[in-house]
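Each chain, letter by letter, is given below.
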Amino acid sequence: RKLLEPYRDRVVNVSASIEEEQAIIQIVDQGDGFDASTLPDPTDPEHIFLPSGRGILLARAFLDEVTYSPKGNVVTMAKYRESTAEF
């Protein structure tokens with residue numbers, strides 16, 4: 001698809017803010033977006049071999065926050081520093 005219109009001319013913007021206590025990453029694309037809540041559960045044995053949904057599963061597993069714009073073409077991800085307090 002990367003050679004076909006309109007996909008070949010689309011731009012994906014990635015921005016990141018990395019500070020001592022948190023990292024915020026935002027990805028914006030020019031596509032139509034999607035509703036992430038409608039993706040099949042990739043951990044369900046019936047869906048294990050489907051080609052979609054695994055990236056969202058991994059993002060939700062390893063990041064502290066994953067949010068989508070209402071249109072679904074902007075994803076904002078956050079990872080917060082763990083407490084370093086001594087016990």
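Structure shown above.
Here the structure is a predicted model, which is why all the values come from computation and not from measurement.

Note that the residue after glutamate 5, namely proline 6, is joined by a cis bond; omega there is 0 degrees. Among the secondary structure elements, proline 6 is positioned in the segment before β1 (12–18).

This next bit is on the sheet that holds strand β3 (residues 65–68). In spatial order, the strands read β1-β2-β4-β3; together these four strands make up an open sheet with antiparallel pairing. With one partner strand each, in any of the chains shown, β1 and β3 form the two edges of the open sheet. In this sheet, adjacent strand axes meet at a mean angle of 10 degrees when their direction is disregarded. Of the strand pairs in this sheet, strand β2 (residues 22–29) and strand β4 (residues 74–80) are connected by seven bridges, and their pairing is antiparallel. When the sheet's bridge partners are listed, isoleucine 24 is paired in β4 with alanine 78.

Parameters at a glance
Residues numbered from 1 in each chain as written. Predicted model: local features only at pLDDT ≥ 70, side-chain atom pairs only at ≥ 80, totals over all residues. Heavy atoms only, no water. Helix = DSSP H or I, 4+ residues; strand = E, 2+ residues; numbered from the N terminus. Pairing = 2+ DSSP bridges. Axes fitted to C-alpha atoms, helices over the stretch in contact; angles between N-to-C directions.

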